[in-house]
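# Tertiary structure, described
Chain by chain, the residues:
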Amino acid sequence: MFKIKAGSSRRGRRAFSGVVALSLLTGVLVSCSSSSGGAGGTLTFLTNAESWTHADPNRNYTGQHIAWFGSFMHRTLTAYARAEGAAGSEVVPDLATDTGRSSNGNKTWEFTLRDGVKFEDGSDITCEDVKYGVSRTFATDVITDGPTYAISMLDIPSAADGSSVYKGPYATDGNDTAAYDKAVTCSEDNKTITFNLKRAVGDFNYTVTYLSFSPVPKAKDTGDQYDLAPVSSGPYKIEKYKAKDEMVLVRNESWSKDSDPIRNAYPDKIVVRFGVAEEVRDQLILNDSEPAAFSLDAVLPTNLATVFNEDGTPKEEWKSRALNVYDPYVTYTAVNVGKVPCVQIRKALYYARDFAALLQLVGGPAFGGDPADGVIKPLMGLDYKPVTGLEDFKPEGNPEKAKALMEEAKTTCPDIYARATGEGFTFDTSDTDTNKKGATIWIDSLKKNAGINLKFNFIEPGQYYAVVFDTTKQGDMSRAGWAPDWANASTVIPELFLDEGGFPLSRVGKDPAYAEFKSRAQANLAEPDRAKQGAEWAALNQYVMDQMWVIPGVFSKTQEIWGSKLEGVFFWEPQGAPSFGDIKVKS
Amino acid sequence: MINYLARRIAISIAILFAVSFAVYLIFAILPFDPAALTCGKSCNDPGIIEANRKRLGYDLPIWTQYLVFLKGLFLGRTFGEGAATIFCPAPSFGYSFQEHACVTNAILEALPVTLSLAIGALALWLILGVGLGIVAARYRGRAADTGSTIFVLIGTSLPTFLTGLLLLVFVVVKWRILPYPSGNYTPLFENPLEWLNTMILPWITLALAYAALYTRFVRNAVIETLSEDFIRTARAKGLSEKVVLRKHTLRAALAPLTTMAGLDFAGLLGGAILTEAVFNLPGLGRLSLGAVVDFDLPIIVATTILAATIVIFMNLLVDVLYAFIDPRVRVAA
């Protein structure tokens, strides 16, 4: 998932296994009002974006995009239940007849396709189509930006340079197709697909909720240009798609509700209007000029007061047309432990920071979110447990605590102390107005409360992660945000802190505390008991905070608005997005 | 004249090659890794990055990459392999993975939008700017002149993105005088009314900004010309004030306007980025902006070359036109 969040961004989809329902936390969830609408009408979406980042199922990697395309066009082997609150995090069969059957200690997974599932051209969806779709993930030079779980999980060897020996379906030279054929097999009747994994993955049936496990008909694949005209397996198909203009979906006559227990297909037509200026987009909905329109983007901060009360709840007249909810993200500052190998100083950074001022920059508690106490959000349910040991945290900064830690650091790590108070640390952040304002708060509060000097390295937003992932260019601290890919912190803790994880900005590999962390995290990945696994993720989150490998930011929120002719909107927790497929246009 | 033109064209071509190579060099020395960008915005897998570097030719020296680009201009170029093969015929500026299109096609698609915007806005601001400028000069120090000064102040103070946004919010959203355009750009020959509906506010937005400058320029030029000796001679000959203004003053005063309008028009063809962004017009400006944000090198090279070509061509055109407008230039030549 890739979404800019207050100048930081991160891929990954979040999901909540759901002991704590979102509605309990926010109290603002919009219920489906008594339905006066049914099938029919045109549902319009407005966005400032010039196009979808990707329409190709293999390249979809934002919760919002997966929720949208998963509702209307692309089907997968399994999917999340279309329900409000925690019930939405339940995995249910989609193209498959069940939620998968594992064997070989969770290293082999089988899924059998339903009868009667078809592409938009009326041809049957077969195991070979799913297998071909998954194979495209390996063509990393063409099929970019998508999740690469297939590459990291399937039992396919790596070449000397670290890349997979299988290069996807397009490569013609030096491609080990046999290795892929061994890792993914189809039954004789072309109905059952088997995935052979290189390690035990107890929740692989969550992994295959990703659209990168969707079927793609080989004959219709056009590589990069498939992004413009993907073939539908869902209730709608593309009539028109033009970037910077609009997308129009019409009903897919080959789709049948009988073979799809998950999706509703209420509107007759769906239009997405791209490139609408932000203020115009908001005004079209605030004035109800487009009563059947839904904004795909967050509400502009200047318009929040029109819709919401000061405490963040929607005003009376907006109760059925607005949401203010926790999104999937946790923002944080990764401390480059390799460069700042001193836990006292890392903690001093946490206590000295003026968190309250930083939170105001992103909308305050009502719209920005709550102080995070780690990298796992409470909405993760059984993977979350409040972190202890942070009781001295004060939103405006705690100079006494910070100074005491610095005093301790003087003797435990004098070199780092000298650097912190002398030349100072380098802080990487993307070059946005908000981050620039944030930089002054960081600089002032750290100097005042702990005597630590900071220098900011502002990086072009589009280049931010390319720079900080380069260990030769990354500074001492880097802003980031993260959301789990599915309802398990297995997509948080290992991804952020194991060396082989996808987002290891804290570079903890040389920390003395890493060896124990690594063995526990790896063991927990294979833990078949979900309750035990959850408890251990929570414990590892505590472990991370004890070492202060990251300085947690906020458990963030997002705001959504729509027109008066729409109903049935609810926040789909596992996708961290509205449940687009349940929106009806009132007649 | 032919020799002069041939020489100018030869120099122009050399400049274009220099511009294209300079853009390549700039990207070579920037501290970014194009292979890392192809791996996805937050990709951290060195194996994937290295594989992409080889497959996309980013491991080749910058000279070789530039030569491959030049070859594509004349012979076309094939990208990818297997089912993902894409051939971009000559003149190929490359393939954009951001636009999912051959760059030449992306530009050809954006060009009519920018042309529609630039031509309409040019016509509007010339009518408005020249007309108001003449009136202000003719009635210097009177109400019309004061009115034009206020117009100039407002026009030059308002940034185009604000003018555009105000027009959109009030004319379309709040007052609903114009409908919200159904698509974001409708070609003229597909639906003239829809085209007009799409273009009228962007024209006004641009025209307001430029007309203010032209009003001031024309007013000053006309006032200056009116004080010339040959005007006094014309009046002494007994010519009417109308003839003096139309036949003698305007011809002399407006000649420099040709250069100004030519270069402004060229600048707009390079892309009216803010206006296109506010009104969501898929023209060259937005194409260029998107390319810069995404570091889409093929599009950046192509749009830079196109912008340079337009400026060079318009300069040439203005020089030639000048000879026709101003007899003194012909004599000097």
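Up top you'll find the structure we're talking about.
Before going further, it helps to examine the overall build of chain A. A count of helical and extended segments in chain A gives 18 helices and 23 strands. Here the C-alpha atoms of chain A give a radius of gyration of 24 Å, agreeing with the 25 Å that 2.2 N^0.38 yields for 587 residues. In terms of principal-axis extent, the alpha carbons of chain A reach across some 70 × 60 × 40 Å. Within chain A, the fraction of its 587 residues that count as buried is 57%. Residue pairs at least 24 apart in sequence account for 75% of intrachain contacts in chain A once pairs closer than 6 positions are excluded.

Further remarks concern the sheet that holds strand β7 (residues 108-112) of chain A. Residues and elements named next belong to chain A. Read from one edge of the open sheet, 4 strands run β6-β7-β9-β8, paired in antiparallel fashion. Sheet topology places β6 (101-103) and β8 (184-186) at the edges, where each strand pairs with a single neighbour. With direction set aside, neighbouring strand axes in the sheet form an average angle of 20°. Two strands pair when backbone bridges link them, and β6 and β7 are joined in this way by 3 bridges, in the antiparallel orientation.

Residues and elements named next belong to chain A. Pairing of strand β3 (residues 42-46) with strand β12 (residues 269-273) involves 5 bridges; the strand directions are parallel. Bridging from a neighbouring strand, Leu 46 pairs with Arg 273 of β12. Pairing of strand β11 (residues 246-251) with β12, which is carried by 5 bridges, proceeds in the antiparallel orientation. Looking across to β12, one finds that Val 248 is bridged to Val 271.

All names here are of chain B. Relative orientation of the contacting elements helix α5 (residues 103-138) and helix α8 (residues 192-226) amounts to 35°, with a least axis distance of 6 Å. Classified by chirality, the crossing of α8 by α5 is right-handed. A breakdown of the residues in the contact of α5 with α8 according to their chemical character gives 22 nonpolar, 5 polar and 1 charged.

Before going further, it helps to examine the sheet that holds strand β10 (residues 236-242) of chain A. Residues and elements named next belong to chain A. Ordered by their spatial adjacency, 5 strands build an open sheet running β10-β11-β12-β3-β13, and the pairing between neighbours is mixed. The open sheet terminates on both sides in strands that have one partner only, identified here as β10 and β13 (293-295). Going across the sheet, the axis of each strand differs from the next one's by a mean of 20°, ignoring polarity. Against the sheet, helix α7 (residues 278-286) contacts β3 and β13, and its axis sits at roughly 135° relative to β13.

Let's shift gears to the environment of Arg 273 of chain A. Residues and elements named next belong to chain A. Tracing the backbone shows Arg 273 in strand β12. For Arg 273, a count of 24 C-beta atoms within 10 Å translates into the label buried. The spatial distance from the C-alpha of Arg 273 to the C-alpha of Lys 244 is 8.3 Å, given a sequence separation of 29 residues. Other than its neighbours up to four places away in sequence, Arg 273 contacts Thr 44, Leu 46 and Glu 246.

Here we take up unusual backbone geometry. All names here are of chain B. Looking along the chain, the bond that leaves Ala 90 and enters Pro 91 is cis, with omega of -5°. When you line up the elements, Pro 91 lands in the loop between β2 (86-88) and β3 (95-96). Even without a glycine there, the phi angle at Asn 280 is positive, about 55°. Among the structural elements, Asn 280 can be located in the loop between α11 (273-278) and α12 (284-294).

Now for the environment of Phe 217 of chain B. Residues and elements named next belong to chain B. Take Phe 217: it is sitting in helix α8. C-beta crowding within 10 Å serves as the criterion here: with 19 such atoms nearby, Phe 217 is assigned to the partly exposed category. C-alpha of Phe 217 to C-alpha of Tyr 24: the two residues are 193 residues apart in sequence and 39 Å apart in space. Beyond its immediate chain neighbours, meaning those up to four positions away, Phe 217 contacts Gly 133 and Met 260.

Let us now look at the nonpolar core. Residues Val 335 and Ala 348 of chain A together with Ala 207 of chain B are the most contacted members of the largest nonpolar core, which totals 232 residues. In terms of residue count, the dominant contributor to this core is α5 of chain B (16 residues). The contacts of Ala 348 of chain A, once residues within four sequence positions are left out, are Ala 402, Leu 405, Met 406, Ala 409, Ala 450 and Ile 452 of chain A. By size, the runner-up hydrophobic cluster in this structure holds 6 residues, among which are Tyr 80, Val 91, Tyr 206 and Ala 487 of chain A.

What follows deals with the packing of helix α6 (residues 143-157) of chain B against α8 of chain B. Residues and elements named next belong to chain B. Contact geometry for α6 and α8: axes closest at 8 Å, N-to-C directions at 135°. When the axis of α6 is compared with that of α8, the two are oblique. α8 is crossed by α6, and the crossing has left-handed handedness. Contacts between α6 and α8 involve Ser 148, Phe 151, Val 152, Gly 155 and Thr 156 from the former and Leu 208, Ala 209, Ala 211, Ala 212, Leu 213, Thr 215, Arg 216 and Arg 219 from the latter. For the contact of α6 with α8, the class distribution of residues is 7 nonpolar, 4 polar and 2 charged.

The rules we used
Residues numbered from 1 in each chain as written. Chains lettered and ligands numbered in written order. Predicted model: local features only at pLDDT ≥ 70, side-chain atom pairs only at ≥ 80, totals over all residues. Helix = DSSP H or I, 4+ residues; strand = E, 2+ residues; numbered from the N terminus. Rg over C-alpha atoms; globule rule 2.2 N^0.38 Å. Buried ≥ 20, exposed ≤ 12 C-beta atoms within 10 Å, placed from the backbone. Contact = placed C-beta atoms within 7 Å. Pairing = 2+ DSSP bridges. Axes fitted to C-alpha atoms, helices over the stretch in contact; angles between N-to-C directions. Left-handed = near helix turned anticlockwise from the far one by under 90°. Nonpolar A, V, L, I, M, F, W, Y, C, P; charged D, E, K, R; others polar. Core = buried A, V, L, I, M, F, W, Y, C linked by C-beta atoms within 7 Å. Parallel < 35°, antiparallel > 145°, perpendicular 65-115°, else oblique.

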